[in-house]
Amino acid sequence: MIRTEPNSSDEPTTPVLAVRDIEKSYPGVRALEDVSFDCRAGEIHGLVGENGAGKSTLMRILAGVIQPGAGTIQVKGKPVVLTSPRHAHDFGISMVYQDTRLVDDLDVAQNILLGREPGSSLLVNRRALEERAGSILRRLGFPLDLRRPVRDLTTAERQMVEIGRVLATDPSVLILDEPTSALGRGDVQRLGEILRGSRAANTGVVFISHRLGEVLNLADRITIMKDGKVVETVVNAELTEDYLVNRMVGRSLSLTFPPKQSNPGSIRLKVTNLTSPGLFSDVSFTVSSGEIVGLGGIQGNGQREIARALFGVLPATGEVQLEGVQFRLGSPRDAIRAGIVYVPADRRRESVFAPHSIRENIAVPHLRTWSSFGMLNLPLERALVSKTVSRFRVRTPSIEQPIGLLSGGNQQKAVFGRWILAQPKLYIFEEPTQGIDTGAKLELYEVIRKLAEQGAAIVLLSSDLLELIGLADSILVIAHGSIVDRIPAAEATEERIIGSAVATERTMEVLDSGDYSPKKESHAALLSPFPVARALAQRYTGALLLVGALLVLAAYTAGQSRYFLTERNLGNLVIQIVPLALASIGQMTVILLGGIDLSVGPLISLVTTIASFTIIDGPGGWGGVFLCLVTGLIVGGMNSALIVWLRIPDLISTLATYSVVFGLALVVRPSPGGSVSEGFAALVTMRLGWFPVAGLALLAIGAIGEILLVKGRIGTRLYAVGSRSEAAFVAGIRVDRIRCFAYLFCGFMAALAGLVVTARIGSGDPQAGSQFTLSSIAAVVVGGTRVFGGRGTLAGTLFGATLLVMLQNALNQLHVTAYYQYIWTGALLLLAVALYSIDEYRER
């Protein structure tokens, strides 16, 4: 008998988390309607429903990511308003997201403890960080190199890091949205043990999964949702999958696979000796038209890499023939043109353009086909997209709806529709039903089988062995990057697949160590060999290349001009480097967040004009210095307000302040003139021997800044927000505060640079900073900071500024006209961006 309410023996205690009458709407969609839900301490509460039922929306409200339109939230019986993930963390609520929210440019340890790093208020204790992160991974039974960048992890590894990050908060309420969708069987079992341990520790657990067997195995109570409403909450006693499915979709639905075709056609794909060193080797197989070939085995043994190599994402050698014609593994573009399409497992990162409409997402690979003379046939586009949306039953009020607002299942249907419109010769499906509900799974099973019946060749990857067995006509078992078994459909069983993979695993273990007993990883075992040297090489390679370029330039110029290495010229060189370096440090802070500040140059000009009136001999001079620095903070604050609060793009905002500040500089002093205190000028330009003291101050600022970037909390936050602001936000980092800080700091550093320029020229000039905007950006980019944020070093920025100034000096020494200096600056900027783009392409 199924109970919808607990009886008197079920301890009806105050829920640790509850919502009452929650509502949430998006344009054209009512996502939640009068939803009430609660989770008790010491309970695993399952939450099930079709894609689009409102499960993830409800949990994102509870995690503080979005706010409800109506209704109340209670934590331990007290009403609360959750305004952000950090606020939710303060109440003990943490969430594992279906589409992992990790910072790609930080390593595993930094991601696990992001926002909760051990150490002082300024510096992070790296050793303690790694020890705590390592202990969490050992608890999960999932050893990973703690210093490995997250961008290099597989989908399953990213999921485990996400789970580890949530466990690090020791929450009183743990929400998991499809945590097992990318995990293998062993990892799922370990996670189940951890959740039961959390329940025993009196933690409330909300577990969302489309794998109904897992929900029934773990949950104490189960809430069923449909169309944004709660259907019922039932006690998990004598429940069956059929009952849950019936309540979810409103009809009986059994998980059956469509019948298989027994007569494949001619060979469509022939792969011979496909090899990618370190990933897989000597892989050979064929796929016929009308045939589905599955790649199975234990996850992480090269299945995904083989698929990506066939699509041109990973470099590989060997021979690939498509319909008897040899195909070059060059790039995804080449693969698509040849008739190969790939649907990856990670929808959010690799399949959909979340801010753009469903129409744009489906149409994007067909723009060339649907265009004539460069003009897109809009009626044809709308007609074909609408037909695709109807065919795949994508639930949406309009094809203009941003695809990011759809559920995972509806997004996947749209992705399928996108590629089926192209009518390719070969489909590669990686985890095609990962994270989608039972009804959508059955629809996609039918689609995949129908494609095969129509003559398509299909390569299928799935960690769900029942899915692999139910769909594939034959299965290739992959272990250690090689095919170890070929199983016809009639002989395919879970035992055969796992047995083949495990037998090879054991053989490899014995060959490697002579022992196959399980090992518990120590903290040291979770660290890569030679970690410090490798980390330093990765971080400072660009800076070292700049040092080499500086030495070559200096040697050549010295050979052409005897004056170049004189103390006078070197001293002047340093005093010219200082203001550009200071402005570039501020600019780097902004670019590190993926922004830009065009107002740097005019602000330097404004500071020189203000200084020419206010920095005078006597006690009042220092008041003028203070006023100039405050001016920099005011301009930085203006940029912050426009960008952070008014949400105006940084390019537009800082372009506006560029014009305003430049106009103010001309109003204050229309033409060069005035003077500053000789004492102030002498102090700023003072030298120890031939070396300016300002240069020593710059070195100190650079050293402190680099230490804070590498070991400081502010550095971690800058990199996190710049790499992936959404991930930083859900980790509890105050993203808007970090952006405000960056623009304020940039304004302050530009004002500081303006004071040095004022001391050097001794007067006010509304044009004094005209070159600094472009030059500061060039110095940062040439120094190796990624233009889209997330990566960069302060050392590289200093060397970039030094190279630009030294290049100008060298051109002067060689009697080259000043006009060419602009050309060289632009050329260096283009070269740096080109090298960055090549590096990004190689990484991908």
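Residues take numbers from 1 onward in each chain, read along the sequence in its written order. Per-residue local features of the predicted model are confined to residues with pLDDT of at least 70, and side-chain atom pairs are confined, for both listing and counting, to 80 or more; whole-chain, interface and lining totals are unaffected and use all residues. Just so you know, side-chain values use all the structure's heavy atoms and leave hydrogens and water out.

Looking at the nonpolar core
Then, in step 1: Residue types Ala, Val, Leu, Ile, Met, Phe, Trp, Tyr and Cys, when buried and joined through side-chain atoms within 4.5 Å, form a set referred to as a nonpolar core. Only protein chains enter the area calculation, which uses a 1.4 Å probe; residues under 20% of their type maximum are buried, those over 50% are exposed, and those in between are partly exposed. Membership of the largest hydrophobic core comes to 89 residues, with the highest contact counts inside it found for Ile604, Phe680, Leu698 and Leu755.
Then, in step 2: Filtering out sequence-adjacent residues up to four positions away, Leu698 remains in contact with Ile577, Val578, Ala581, Leu582, Ile585 and Leu798.
Then, in step 3: One finds Val96, Leu137, Val205 and Ile224 within the second-largest nonpolar core, a separate group that totals 46 residues. Residues count as neighbours in contact if any of their non-hydrogen atoms are within 4.5 Å of one another.

Concerning helix H5 (residues 155–167)
Then, in step 1: Working definition: helices are DSSP H or I runs of at least four residues, strands are E runs of at least two. Numbering for both runs from the N terminus. Between the first and last residue of a helix there are one fewer steps than residues, each counted as 1.5 Å, and that sum is the expected span. An ideal rise of 1.5 Å per residue puts 18 Å on 13 residues; H5 measures up with 19 Å between its terminal C-alpha atoms.
Then, in step 2: Counting buried positions along H5 gives 13 out of 13 residues, so the element sits mostly inside the fold.

Description of unusual backbone geometry
Then, in step 1: Phi is positive for Glu178, close to 50°, though the residue is something other than glycine.
Then, in step 2: Among the residues examined, Glu178 registers a relative accessible area of 3% and is labelled buried.
Then, in step 3: Although it is not a glycine, Asp282 adopts a positive phi angle of roughly 50°.
Then, in step 4: Tracing the backbone through its elements, the reader meets Asp282 in strand S12 (residues 280–288).
Then, in step 5: Residue classification places Asp282 among the exposed positions, given a relative accessible area of 54%.

Concerning the pairing of strand S22 (residues 482–488)
Then, in step 1: Bridge count for strand S21 (residues 474–479) against S22 is 6 bridges, and the pairing is antiparallel. Considered in S22, the bridge of Ile475 is made with Ile487. What makes two strands pair is DSSP finding at least two bridges between them.

Side note on the sheet that holds strand S15 (residues 325–327)
Then, in step 1: Spatially, 4 strands are ordered S12-S11-S14-S15 in an open sheet, and the strand pairing comes out antiparallel. On the outer flanks of this sheet lie S12 and S15, each paired with one strand and no other. Across the sheet, the mean angle separating the axes of adjacent strands is 20° when strand polarity is ignored.
Then, in step 2: Relative to S12, helix H9 (residues 303–310) is tilted by about 65°, and along the sheet it contacts strand S11 (267–276), S12, strand S14 (317–322) and S15. Axis angles are defined between N-to-C directions and span 0 to 180 degrees, where every axis is a line fitted to C-alpha atoms and, for a helix, only to the segment in contact.

Observations regarding the environment of Leu804
Then, in step 1: Position of Leu804 relative to the elements: it lies in helix H29 (residues 794–813).
Then, in step 2: A relative accessible area of 4% places Leu804 in the buried class.
Then, in step 3: Considered as a pair, Leu804 and Ser677 are 127 residues apart in the sequence and their alpha carbons are 30 Å apart.

What about the side chain of Gln303?
Then, in step 1: Its location among the elements puts Gln303 in helix H9.
Then, in step 2: For the purposes of these results, a polar contact is taken to be a pair of N or O atoms within 3.5 Å, where, inside protein, one atom must be able to donate a hydrogen and its partner to accept one; residues adjacent in sequence count only when each atom of the pair is a side-chain atom. Engagement of the side chain of Gln303 in a polar contact is seen with the backbone oxygen of Gly296, the distance being 3.1 Å.
Then, in step 3: When residues no more than four places from it in sequence are discounted, the contact partners of Gln303 are Leu295, Gly296, Gly297, Ile298, Leu461 and Ile478.

Observations regarding the confidence of the model for the protein chain
Then, in step 1: A score between 0 and 100, pLDDT records how confident the predictor is in each residue. Averaged over all residues, the pLDDT of the protein chain is 87; the fraction at 70 or higher stands at 92%.
Then, in step 2: Predicted confidence is poor over residues 6–11, with pLDDT under 50, and the contacts of this stretch with residues over four places away or in other chains come to 4 contacts.
Then, in step 3: Across residues 505–520, confidence stays below pLDDT 50; counting only partners more than four residues off in sequence or on other chains, it has 12 contacts.

A word on the packing of helix H14 (residues 408–420) against helix H15 (residues 438–453)
Then, in step 1: Close contact between H14 and H15 brings their axes to 11 Å; oriented N to C, the two are set at 15°. Comparing their axes, H15 and H14 come out roughly parallel. Relative to H15, the crossing made by H14 is left-handed. The segment H14 lies against H15, with Gln412, Lys413, Phe416 and Ile420 engaging Ala440, Glu443, Leu444, Val447, Ile448 and Leu451.
Then, in step 2: Amino acids outside the nonpolar list (Ala, Val, Leu, Ile, Met, Phe, Trp, Tyr, Cys, Pro) and the charged list (Asp, Glu, Lys, Arg) are all regarded as polar, and Gly is one of them. Classifying every residue of the contact of H14 with H15 gives 7 nonpolar, 1 polar and 2 charged. Here the angle decides the label: under 35 degrees means roughly parallel, over 145 means roughly antiparallel, 65 to 115 means roughly perpendicular, and every other value means oblique. Whether a crossing is left-handed or right-handed is set by the direction in which the near helix is turned from the far one by less than a right angle, anticlockwise for left-handed and clockwise for right-handed.

A look at the sheet that holds strand S19 (residues 426–430)
Then, in step 1: Taking strand neighbours across the sheet as the criterion, the 6 strands line up as S16-S19-S20-S13-S21-S22 in an open arrangement whose pairing is mixed. If you trace the sheet from one side to the other, it starts and ends with strand S16 (340–343) and S22, each paired once. Neighbour-to-neighbour, the strand axes of the sheet open up by a mean angle of 20°, direction not taken into account.
Then, in step 2: Where strand S13 (residues 292–296) and S21 come together, 4 bridges link them in parallel fashion. Within S21, the residue paired with Gly296 across the bridge is Val477.

Description of the pattern of salt bridges
Then, in step 1: Counted as salt bridges are all cases of a side-chain nitrogen of Lys or Arg within 4 Å of a carboxyl oxygen of Asp or Glu. In the structure shown here, the tally under the stated rule is 43 salt bridges.
Then, in step 2: Across the pair Glu726 and Arg348 runs a salt bridge whose closest N-O atoms are separated by 3.2 Å. Of the two residues, Glu726 is situated in helix H26 (residues 725–730) and Arg348 in helix H11 (residues 347–350); the sequence distance between them amounts to 378 residues.
Then, in step 3: A relative accessible area of 26% places Glu726 in the partly exposed class.
Then, in step 4: Judged by relative accessible area, Arg348 falls into the partly exposed class, the value being 29%.
Then, in step 5: Each of Glu23, Arg30, Glu33 and Lys229 takes part in one network of salt bridges that share partners.

Regarding helix H1 (residues 55–62)
Then, in step 1: The buried fraction of H1 amounts to 6 of the 8 residues, a majority that puts the element mostly inside the structure.
Then, in step 2: Within the span of H1, buried status applies to Lys55, Thr57, Leu58, Met59, Ile61 and Leu62.
Then, in step 3: Gly64 sits one or two positions beyond H1 and adopts a positive phi of about 85°.

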